[in-house]
Amino acid sequence: MKTRSLVVLAGMSLLPVTGSAQLPAAKDLIQKWATAVNASGWKGHKSARMVATVDLPAMGMSAKTEAIQMYAPAMSIQKTDFPGMGEMRMGFDGKTAWMTNPMMGASIVPDSLLGAQREEADPDNYSRMSAAITSSETIEKTKLNDTECYKVKHTWKSGRVTHDCFSVADGYIVWSQSKATSPMGEVEMVQMFSAYKDYGGVKRATTTSTEQAGQQIIITLQSWEWDTVDPKEFELPADVKALVTKKP
Amino acid sequence: MTSRALILRLPLLGLLYACGGRTTVAAPDARPYDAALGLASFDTAWSRINATYYDSTFRGIDWVGLRDSLRPGVARAAQPDEMRRAIRTLFDRLGESHFMIVPSEIAQAMRGDSTRPSEPGTIGVGFRMVDGKVMVSSVEPGSVAEQAGVRRGWIVERVGRREVAPLLAAQRALDDPTAARRAAMQLVLRLEASAGTYLGDTVTLVARDGGGKRHAVTMVATEAPGQLVKYLQLPPQQFHLAHRRYADAAGCVGWVHFNTWMLPVLPALDRAMDSVRDCRGLVLDLRGNLGGVAGLLMGVSGFFVDTAVSLGTLTSRQTTLRYLVNPRRATSRGESVVPYGGRLAILVDPLSASASELFTAGMRDIGRARVFGDTTAGEALPAAVSRLPNGDLFMHVIADFHAPNGARIEATGVVPDEVIPLRRATLLRGEDAPLAAALAWAGRTAVQAAARGTSPGGQP
């Protein structure tokens, strides 16, 4: 019997369910999920705008965040404004990923990390049926508090490995496990999803609770709009423009 | 676009805070003590350390047993200080810096929530321990202290209502060198806090001059330079950056000082560097800088380093991350610039703490700077700040830090390449010996390079 993991997160226990019942195929779980949430609902739209709140309860921090994305050409920008801290922005224009924040100033994301950036920018990834995922495998039936789920391991083209756990009851993803990669290093990240609702024809988790570097981050989705993004909104901040212009 | 993408990119590391912490005073909390809330606060403090302290062995302490031994006393507590004493026992047993609890009433006063006027004030003096005595180590030009005749090298006996002798006696009684050094630092900070925290404070300084004559000088605090900065749940802090060109026949040597690692530092440094960029050498004066937002190391170092090298590693239970230099190739105004390449001297002293120490150790280890002054505080651990259920501010260590050469800075501090301790004789002459040495070094080789007809500004 293989070794199973025990993860305890913010009072929530993730326990393996013992027993050797036949596990469903990953492709069936993914198909069920993609259908349940209408993951392909983005097709037929040119752009999306998401507004959410970000809370770090232990630090007493709360911020508004807005993310916009254009599908062709692929471009994205996310802005988060923490009161007392200033605005953090990050973006991707299909070729160059950049970020700017009050602690570091502006920077260009190294080419070595662009593969993951491209994958994240692909709206098809929500379905988990995109070409960016080279293989998916169901590895165990487990339990998050009282919710049973099937844990699926995904291997991506970029080489990264992530896990989703699909609810046994309704097929929704109840938690995900991945590594956040930056030039500084990798941070293990576990996200718990709840309160799925319809946003513009696609069901999404209203609340995403993340444990990252010992901190809990709660993201609450406020709104989702299709096709309201003006291409001018992708204009680069002045300090990033200076870097991009200089980039050979 | 998924929620994952949104979370992945939040630069959490930058939220880590590291600061020695200045002290203030406030009226005692008049509210009746809520025992249940007190117990919940103790439990929360213990649990947060339990979940996030980088060393899961708790330095060999029976962490659960320690809680169990303290908790009954907290449950019986009749005053908030009894509960806080128990939390401080947790800190003491771990024996590291960056554990702090600030009572809610003090946190409110520091935030300006009380009726107390909270405009920051200053009389313009700095104190340091010199040869076991507290002395006036700096007098700001144009300050009320200078106008009142206060001079460097005076031996301080009283600041406001705070007598120095009993504080010194308590500090001298400590056997452990690390504890004694930390106590000396807190002693100086207490005295500086008593020397006019708010605009309009009346402060009497009692001190002896070089001839032994006792002076009692009463001054009214004037507006402190700089801007009030609020970061997360912390009380507002006064951020101040100053810069100067020391011109000579060969050109100039620049000097830049900032008092805390707070967010306005990057745009302020943009402006400062514009005025000293052509100088052949630069002194970055971090004396008295107690630290702040550790994430700023990456931005500030980028003003002086043109490659994304590591200034050290942060190790938490979950991960190891590097503080990478982000070369400053564009200003906040969007102008292209080149990181400063001239000689860089960093000036530190025992009140250079936390982020200042991480920065100094990192810059020296990568060969970018030479360090002058006196050994730093040795309070160098990344920490997080949160609130306890009773409203107290709670700072706790979440990671360990190692400089690029693998050394820990915590407890030992950064020993300068050129140790130049303060001496009363030089202070009384009005000299700033550490600054003079740093300026001389920062300008020296560049002068020689210029004399040889080569371009000044090579890295040391």
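Residues numbered from 1 in each chain as written. Chains lettered and ligands numbered in written order. Predicted model: local features only at pLDDT ≥ 70, side-chain atom pairs only at ≥ 80, totals over all residues. Heavy atoms only, no water.

### Describing unusual backbone geometry
A cis amide bond links Ala72(A) to the next residue, Pro73(A), at an omega of -5 degrees. Topologically, Pro73(A) is positioned in the loop between strand S4 (61-70) and strand S5 (75-82). At Arg128(A), a residue that is not glycine, the phi angle is positive and equals roughly 65 degrees. Within the secondary structure, Arg128(A) sits in the loop between helix H2 (114-121) and strand S9 (133-144). The phi dihedral of Phe58(B) falls on the positive side, at around 50 degrees, and the residue is not glycine. Structurally, Phe58(B) is set in the loop between helix H2 (35-52) and helix H3 (63-76). (Helix = DSSP H or I, 4+ residues; strand = E, 2+ residues; numbered from the N terminus.)

### Some remarks on the confidence of the model for chain A
Residues and elements named next belong to chain A. For chain A, per-residue confidence averages 85 on the pLDDT scale, and residues scoring 70 or more make up 90% of the total. Within chain A, the lowest mean pLDDT, 34, falls on strand S1 (residues 7-9), and the highest, 97, falls on helix H1 (residues 26-37). Confidence drops under a pLDDT of 50 for residues 1-14, and excluding neighbours within four residues, the segment shows 27 contacts in the predicted structure. (pLDDT = per-residue confidence, 0-100. Contact = heavy atoms within 4.5 Å.)

### Overview of the interface of chain A and chain B
Interface size, as often reported, equals the accessible area lost upon joining of the parts. The interface is formed by 62 residues belonging to chain A together with 48 residues belonging to chain B. Across the interface of chain A and chain B, roughly 4,700 Å² is buried in total on both sides, 64% from carbon and sulfur atoms. The largest share of the area that chain A buries against chain B comes from Met59(A), Met103(A) and Met184(A), three residues that together contribute 17% of it. The interface formed by chain A and chain B includes 0 salt bridges. The interface formed by chain A and chain B includes 6 residue pairs in polar contact (both at pLDDT 80 or more). Residues of the side of chain A that touches chain B, tallied by class, amount to 32 nonpolar, 21 polar and 9 charged. (Buried area = accessible area lost by both parts, 1.4 Å probe. Salt bridge = Lys/Arg side-chain N within 4 Å of Asp/Glu carboxyl O. Polar contact = N/O pair within 3.5 Å; in protein donor to acceptor, adjacent residues only side chain to side chain. Nonpolar A, V, L, I, M, F, W, Y, C, P; charged D, E, K, R; others polar.)

### Quick word on the pattern of salt bridges
Residue and element names in this part refer to chain A. Considering all chains together, one arrives at 38 salt bridges over all chains under this definition. Asp 124 is the partner of Lys 43 in a salt bridge, and the nearest nitrogen-oxygen pair spans 3.9 Å. Separated by 81 residues along the polypeptide, Lys 43 in the loop between H1 and strand S3 (47-56) and Asp 124 in the loop between H2 and S9 bring together distant segments of the chain. According to the relative accessible area criterion, Lys 43 is partly exposed, its value standing at 48%. The salt bridge partner of Arg 49 is Glu 233, with a shortest N-O separation of 2.8 Å. A residue pair is termed long-range when its members are at least 10 positions apart, and Arg 49 in strand S3 and Glu 233 in the loop between strand S15 (215-226) and helix H3 (238-246) qualify at 184 residues. According to the relative accessible area criterion, Glu 233 is partly exposed, its value standing at 24%. (Buried < 20%, exposed > 50% of the residue type's maximum accessible area, 1.4 Å probe, protein only.)

### Topic: the packing of aromatic side chains
All names here are of chain A. Taken as a whole, this structure holds 18 aromatic pairs over all chains when the rule is applied. Plain terms: the ring middles of Trp 33 and Phe 166 are 6.4 Å apart, the flat faces sit at 70 degrees to each other, and that makes the pair edge-to-face. In this pair, Trp 33 is assigned in helix H1 and Phe 166 in strand S11 (residues 161-167), connecting sequence segments 133 residues apart. Taken as a pair, Trp 33 and Phe 166 share a single burial class, namely buried. (Phe/Tyr/Trp six-rings, centres within 6.5 Å; stacked < 30°, edge-to-face > 60°.)

### A short note on the pairing of S4(A)
Residue and element names in this part refer to chain A. Of all 10 residues in S4, 8 are buried, a share of seventy percent or more. Adjacent in sequence and paired antiparallel, S3 and S4 are bridged by 4 residues, among which Gly 60 carries a positive phi angle near 65 degrees. Where S4 and S5 come together, 7 bridges link them in antiparallel fashion. Within S5, the residue paired with Met 70 across the bridge is Met 75. Hairpin remark: S4 followed by S5, antiparallel, with 4 residues in the connecting loop. (Pairing = 2+ DSSP bridges.)

### Points about the environment of Pro236(B)
Mapping Pro236(B) onto the fold places it in the loop between strand S11 (227-229) and strand S12 (237-239). A sequence separation of 129 residues divides Pro236(B) from Ala107(B), and the C-alpha atoms of the two residues are 9.8 Å apart.

### Section: the sheet that holds strand S18 (residues 320-324) of chain B
Residue and element names in this part refer to chain B. With antiparallel pairing, the 3 strands of this open sheet are ordered in space as S18-S17-S23. Whereas interior strands pair on both sides, the edge strands pair on one side only; in this sheet they are S18 and strand S23 (400-402). Taken pair by pair, the neighbouring strands of this sheet meet at an average axis angle of 25 degrees, ignoring direction. The sheet contact formed by strand S17 (residues 310-315) and S23 spans 3 bridges and is antiparallel. Among the inter-strand pairings, Thr 315 is bridged to a residue of S23, identified as Asp 400. (Axes fitted to C-alpha atoms, helices over the stretch in contact; angles between N-to-C directions.)

### As for the environment of Arg317(B)
Residues and elements named next belong to chain B. Positionally, Arg 317 belongs in the loop between S17 and S18. On the accessibility criterion, Arg 317 (34% relative accessible area) is partly exposed. Along the backbone, Arg 317 and Ser 56 are 261 residues apart, and their C-alpha atoms lie at a distance of 7.3 Å. Ignoring any residue separated from it by four or fewer positions in sequence, one finds Arg 317 in contact with Ile 49, Asn 50, Ala 51, Thr 52, Tyr 53, Tyr 54, Ser 56 and Phe 58. Reaching out from Arg 317, the side chain makes a polar contact with the backbone oxygen of Asn 50 at a distance of 2.6 Å.

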